[in-house]
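# Structural overview for review
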Amino acid sequence: MLAKYWKKIGMLILIIACVFNVMNKLVHKLSLNSEMLSSAQYVYDQQQNEENNENNTN
């Protein structure tokens, strides 16, 4: 009997896995505000490192 329905069972497992993946991403999604703040902090830190490296070489 399992041999007769293996495609349907596989498709059901695939659909459940996809739904679980999407729900997991929605639950753990960062807000846009925190994404923008972390990006701005990273760019600021990179600029500070470049300035420090230029000051140390001169």
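The following refers to the structure shown. (Residues numbered from 1 in each chain as written. Predicted model: local features only at pLDDT ≥ 70, side-chain atom pairs only at ≥ 80, totals over all residues. Heavy atoms only, no water.)

## Observations concerning the overall build of the protein chain
Check the secondary structure of the protein chain and you find 2 helices and 0 strands. For 58 residues, the compact-globule formula gives about 10 Å, and the C-alpha radius of gyration of the protein chain, at 24 Å, lies well above that figure. The burial tally for the protein chain puts 0% of its 58 residues in the buried class. (Helix = DSSP H or I, 4+ residues; strand = E, 2+ residues; numbered from the N terminus. Rg over C-alpha atoms; globule rule 2.2 N^0.38 Å. Buried < 20%, exposed > 50% of the residue type's maximum accessible area, 1.4 Å probe, protein only.)

## Things to note about a nonpolar patch on the surface
Taken together, the side chains of M11, L14, I15, V19, V22, M23 and L26 define a hydrophobic patch exposed on the protein surface, amounting to about 680 Å² of accessible area. Within the secondary structure layout, M11 lies in helix α1 (residues 6-27). The class for M11 is partly exposed, based on a relative accessible area of 47%. (Patch = residues over 30% accessible without salt bridge, like charges linked within 9 Å, V, L, I, M, F, W, Y side chains within 5 Å. Areas by Shrake-Rupley, 256 points an atom, 1.4 Å probe, with all protein chains shown as cover. Salt bridge = Lys/Arg side-chain N within 4 Å of Asp/Glu carboxyl O.)

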